[in-house]
Amino acid sequence: MNGKKVYLDHAATTPLDPRVFAAMSPYFEEHYGNPSSVHTFGQKAEAAVESARETVAMILNCKPKEILFTSCGSESDNLALRGAALAQRETNNRKWVLVAPVEHHAVTHTAEQLAELHDFQLEWLPTDKFGRVTDKALQQAICDDTAIVSVMYANNEIGSINDLAALAELCRQKNIPFHSDAVQGAAYLSTNVQTLNVDLMALGAHKFYGPKGVGALYVREGMKLHPSQTGGGQEFGLRAGTHNVPYIVGFAEALRITQEEAEQHNTHMQALRDRIIDQVLETIPDSKLTGHRTERLPNHTSFVFKGVDGNALLMMLDVEGFACSSGSACKTGDPEPSDVLTSMGYDREWALGSLRITVGRHTTDEDVESFLNTLPVLMERSRTLEAV
Ligand SMILES: *Cc1c(COP(=O)(O)O)cnc(C)c1O
C-alpha cells in the first residue's frame with residue numbers, strides 16, 4: 001500500500017461535485033433571502049427554488065408542482081409512506097401497508113410504525129433469490145383494502161433493480177398508491193416517472209454527488225398526502241419549514257449533471273464492477289455474489305463469505321486504505337447480520353461475512369487492481385483468525 005486512500009463506498013455517500021458546490025455557493029453568500037419574503041432578496045431566493053424545481057421536473061418528466069423538496073431521502077420515504085397511508089385511510093378506510101423486508105430502514109421502520117402506532121396492517125412482500133419483488137408476488141398480495149405499496153427502485157445493500165413499471169401497473173389497475181424509494185436508483189438509472197409509472201418517488205442528493213441533507217419527493221398530481229411537518233405553507237402545505245435554498249439549488253444541479261453524464265460514467269463503472277465480481281468469485285473460496293448478476297446497479301458489487309467476520313474484514317481493509325461497507329452504513333459496528341440478507345435466507349455463517357464494494361466516477365483501474373490484490377490476503381488472514 002502506498003498510502004493512497006481508496007474510497008469504494010459510493011452506495012453510502014458520494015463526494016460533492018465541485019460544479020455543484022460552485023452552483024450552491026452564491027446562495028450562501030449573496031442571495032440569502034427567505035423565499036417566502038416579499039422583497040427583492042426573497043424573490044431572488046424564490047426564483048432559485050422554483051428554477052431548481054423546474055429542472056428536477058424536466059428530468060423526471062413531470063410538472064414542477066409534483067416535486068417537493070425535503071431534507072433527505074429518508075424524509076421523502078417517511079412523507080410518502082405515512083402521508084399516503086393516512087390519507088388513504090381518511091378517504092376510503094384502507095388499512096394494508098405492503099413493503100418488502102429488503103427495503104431501506106427509512107421504509108421498513110416507517111411501515112412498522114404505521115402498524116404499531118396507527119393500527120395499519122403490515123404485510124411483508126416476499127422477494128425472489130435476488131431480493132426483488134416479482135409481479136406475481138405483488139399480484140397475490142394486493143387487495144381492495146391496500147392503502148400503499150412501496151418497492152425500491154434499486155437495493156442499496158445488494159444492488160438488484162426492480163421492474164417498477166410492471167409492479168406499478170398492477171397497483172394502477174386497482175387504484176393503489178405506489179411509492180418507490182429511488183434514492184440509490186436515481187444516481188444511475190432513468191428517473192422518468194411516466195415510464196416508471198410510479199405515484200410517489202423518493203430521491204436524495206448525496207447519493208449522486210450532491211450535498212448531504214437535501215432530498216425530493218415526486219407526488220403524482222391528484223395523490224392525497226397528509227403533511228409530514230406542519231407549520232408554514234411551504235412545499236404546497238405538505239412540508240413546512242424555510243427552504244434550504246443553496247441545498248435545493250445543489251440538488252437540481254447534481255441531478256442534472258448525473259443524468260447528462262450517466263452513459264459515460266455508467267460504462268466506466270460497469271467495467272470495474274464486472275471485473276470485481278468475476279475476480280472475487282474466482283479467487284476467493286466459499287464466496288457468493290448477493291443480488292442479481294446483471295440486473296444490478298452499474299457501480300455495485302456485494303458478496304457474502306462463509307465463516308468470515310465482516311466487520312473485522314472491513315477494519316483490516318481500512319487499515320490497508322480501502323473504504324468498503326458490509327451491507328448498509330447504518331449497520332457498522334452492529335454484530336447482528338443484516339435484515340436484508342437474513343430475509344433472503346442466508347444463514348448467520350454466511351450473512352455475517354458480507355462485503356459491499358461500490359465504485360464511483362473517479363475510481364480507477366489501478367484502485368480496483370490494488371483492491372483485488374489485497375482482498376485475498378486479508379480474507380486468508382481473517383479466516384485463519386476465525387479458526388483459532
Ligand atoms: C441512502 C438511502 C436512503 C436514505 O437517504 P438519506 O438521504 O441518507 O436519508 C434511503 N434509501 C436508500 C435506498 C438509500 O440508499
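All of these numbers come straight from a predicted model, not from anything done at the bench. Throughout this description, residue numbers start from 1 for each chain and increase along the sequence as written. Local features in this predicted model are restricted to residues of pLDDT 70 or higher, and side-chain atom pairs are both shown and tallied only at a pLDDT of 80 or more, whereas totals for entire chains, interfaces and linings draw on every residue. Excluding hydrogens and water, the side-chain values take into account all heavy atoms of the structure.

1. Brief notes about the overall build of the protein chain
And step 1. Helix numbers and strand numbers start at the N terminus; a helix is a DSSP run of H or I with at least 4 residues, a strand a run of E with at least 2. Per the secondary structure count, the protein chain includes 14 helices and 12 strands.
And step 2. Compactness check: the protein chain gives a C-alpha radius of gyration of 21 Å against a globular reference of 21 Å for 388 residues, within 12% of the reference.
And step 3. Dimensions of the protein chain along its principal axes, counting C-alpha atoms only, are 65 × 50 × 35 Å.
And step 4. Burial classes: relative accessible area under 20% of the type maximum marks a residue as buried, over 50% as exposed, and values in between as partly exposed (1.4 Å probe, protein chains only). Put simply, the protein chain has 388 residues, and 55% of those count as buried.
And step 5. Of all intrachain contacts in the protein chain linking residues separated by at least 6 positions in sequence, the fraction that spans at least 24 positions is 74%.
And step 6. Positive charges come from Lys and Arg alone, negative charges from Asp and Glu alone, with His and the N- and C-terminal ends not counted. Every charge is mapped onto a representative atom, which is NZ of Lys, CZ of Arg, CG of Asp or CD of Glu. Charge separation in the protein chain, taken as the distance between the mean sites of 34 positive and 50 negative side-chain charges, equals 2 Å. Atoms considered for the radius of gyration are the C-alpha atoms alone. The globule rule reads 2.2 Å times the number of residues to the power 0.38. Contacts: residue pairs with any heavy atoms within 4.5 Å of one another.

2. Digging into the sheet that holds strand S5 (residues 146-150)
And step 1. What makes two strands pair is DSSP finding at least two bridges between them. Taking strand neighbours across the sheet as the criterion, the seven strands line up as S2-S8-S7-S6-S5-S3-S4 in an open arrangement whose pairing is mixed. Only two strands of the sheet have a single partner each, and these edge strands are strand S2 (67-70) and strand S4 (121-124). Adjacent strand axes in the sheet meet at a mean angle of 20° when their direction is disregarded.
And step 2. Direction of pairing for strand S6 (residues 178-181) relative to strand S7 (residues 200-204): parallel, over a ladder of three bridges. For His 179, the partnering residue across the bridge sits in S7 and is Leu 200.
And step 3. Set on the sheet, helix H4 (residues 73-92) makes contact with S2, strand S3 (96-99), S5, S6, S7 and strand S8 (215-219); between it and S7 the angle comes to about 160°.
And step 4. The axes used here are C-alpha line fits, helices contributing only the stretch in contact, and every angle between their N-to-C directions lies in the interval 0 to 180 degrees. Here helix H7 (residues 164-173) sits on the sheet and contacts S5 and S6; the angle it forms with S6, its principal contact strand, is near 155°.

3. Thoughts on the site of the ligand
And step 1. A cutoff of 4 Å decides nearness: a residue is near a molecule or strand if any of its heavy atoms lies inside that distance of it. In the neighbourhood of the ligand, the contacting residues comprise Cys 72, Gly 73, Ser 74, Asp 77, His 104, Met 152, Asn 156, Asp 181, Val 183, Gln 184, His 206 and Lys 207.
And step 2. The term polar contact refers here to a pair of N or O atoms within 3.5 Å; inside protein, the definition further demands a hydrogen-donor-capable atom paired with an acceptor-capable atom, and it admits residues adjacent in sequence only when both atoms are side-chain atoms. The contact in question runs from an oxygen atom of the ligand to an N or O atom on the side chain of His 206, over 2.8 Å.
And step 3. In the environment of the ligand, an oxygen atom lies 2.8 Å from a nitrogen or oxygen atom belonging to the side chain of Lys 207.
And step 4. Computed with the Shrake-Rupley method and a 1.4 Å probe, the accessible areas treat only the protein chains shown as cover for residues. Bound to the protein, the ligand loses 90% of the 380 Å² it would expose on its own.
And step 5. Split into classes, the residues belonging to the shell around the ligand amount to three nonpolar, six polar and three charged. When residues are sorted by character, Ala, Val, Leu, Ile, Met, Phe, Trp, Tyr, Cys and Pro go into the nonpolar class, Asp, Glu, Lys and Arg into the charged class, and all the rest, Gly among them, into the polar class.

4. Quick word on the nonpolar core
And step 1. Formed by 93 residues in total, the largest nonpolar core has its most connected members in Leu 60, Leu 138, Val 149, Phe 251, Leu 355 and Phe 371.
And step 2. Excluding anything up to four places from it in sequence, Leu 355 contacts Thr 301, Ser 302, Phe 303, Phe 305, Leu 313, Leu 314, Leu 317, Cys 324, Ser 325, Ser 326, Phe 371 and Leu 375.
And step 3. Of all hydrophobic cores here, the second largest spans 22 residues; its members include Leu 68, Phe 120, Leu 225 and Leu 238. Among the buried residues, those of types Ala, Val, Leu, Ile, Met, Phe, Trp, Tyr and Cys that are joined through side-chain atoms within 4.5 Å form a nonpolar core.

5. A short note on the sheet that holds strand S12 (residues 354-358)
And step 1. With antiparallel pairing, the three strands of this open sheet are ordered in space as S9-S10-S12. Where the open sheet ends on each side, the last strands, each with one partner, are strand S9 (287-289) and S12. With strand direction ignored, the average angle separating the axes of adjacent strands in the sheet is 25°.
And step 2. Summarising the sheet, strand S10 (residues 300-305) and S12 pair through five bridges and their orientation is antiparallel. Counted as the bridge partner of His 300 is Thr 358 from S12.
And step 3. Sheet strands in contact with helix H10 (residues 262-283) are S9, S10 and S12, and its direction is about 15° off that of S10.

6. Describing the pairing of S4
And step 1. Summarising the sheet, S3 and S4 pair through four bridges and their orientation is parallel. Across the sheet, residue Leu 98 finds its bridge partner in S4, namely Glu 123.
And step 2. A crossover links S3 with its parallel partner S4, the connecting element being helix H5 (residues 105-118), and its sense is right-handed. With the strands pointing away from the viewer, any crossover whose connection runs clockwise from the first strand over the helix to the second is right-handed.

7. Regarding the environment of Met 379
And step 1. Within the fold, Met 379 resides in helix H14 (residues 365-387).
And step 2. When its relative accessible area of 2% is taken as the criterion, Met 379 is described as buried.
And step 3. Residues contacting Met 379, with those up to four places away along its chain left out, are Ile 284, Phe 305, Val 308 and Leu 313.

8. Topic: a nonpolar patch on the surface
And step 1. Here, patches come from residues exposed beyond 30% relative accessible area and free of salt bridges, joined within 9 Å for like charges and within 5 Å for nonpolar side chains (Val, Leu, Ile, Met, Phe, Trp, Tyr). Just to be clear on terms, a salt bridge is a Lys or Arg side-chain nitrogen sitting within 4 Å of an Asp or Glu carboxyl oxygen. Taken together, the side chains of Leu 16, Phe 21 and Phe 28 make up a nonpolar region of the molecular surface, amounting to roughly 290 Å² of accessible area.
And step 2. In this structure, Phe 21 sits in helix H1 (residues 18-24).
And step 3. Overall, Phe 21 belongs to the partly exposed group, its relative accessible area being 48%.

9. Quick word on the packing of H4 against H5
And step 1. Contact pair H4 / H5: the axes reach a minimum separation of 9 Å and the direction vectors enclose 35°. When the axes of H4 and H5 are compared, the crossing they make is right-handed. Side by side, H4 and H5 meet where Ser 74, Asp 77, Asn 78, Leu 81, Arg 82, Ala 85, Leu 86 and Arg 89 of the first sit next to Ala 106, Val 107, Thr 110, Ala 111, Gln 113, Leu 114 and His 118 of the second. Each crossing gets its hand from how the near helix is turned against the far one by less than a right angle, where anticlockwise is left-handed and clockwise is right-handed.

10. Digging into the domain arrangement of the protein chain
And step 1. Either an automatic procedure or a domain database provided the assignment from which the domain bounds are taken. Along its sequence, the protein chain is organised into domain 1 (6-14 + 262-387) and domain 2 (31-260).
And step 2. For domain 1 versus domain 2, the distance between C-alpha centres works out to 28 Å.
And step 3. Residue-level contacts link 31 residues of domain 1 with 30 residues of domain 2.
And step 4. For any pair of parts, buried area is found by adding up, for both, the accessible area (1.4 Å probe) each one loses once the two are put together. Both faces considered, domain 1 and domain 2 share a buried interface measuring about 2600 Å² in area, 53% of it formed by carbon and sulfur atoms.
And step 5. When the area that domain 1 buries against domain 2 is broken down by residue, the three leading residues are Thr 14, Leu 297 and Arg 361, summing to 24%.
And step 6. Between the two partners, domain 1 and domain 2, sit zero salt bridges.
And step 7. Across the contact surface, domain 1 and domain 2 share 20 residue pairs in polar contact (both at pLDDT 80 or more).
And step 8. Put simply, the parts of the chain that give the side of domain 1 that touches domain 2 at least two residues each are H10, S10 and helix H12 (339-343).
And step 9. With four residues, the single largest contributor to the side of domain 1 that touches domain 2 is H12.
And step 10. The residue inventory of the side of domain 1 that touches domain 2, partitioned by class, reads nine nonpolar, 16 polar and six charged.

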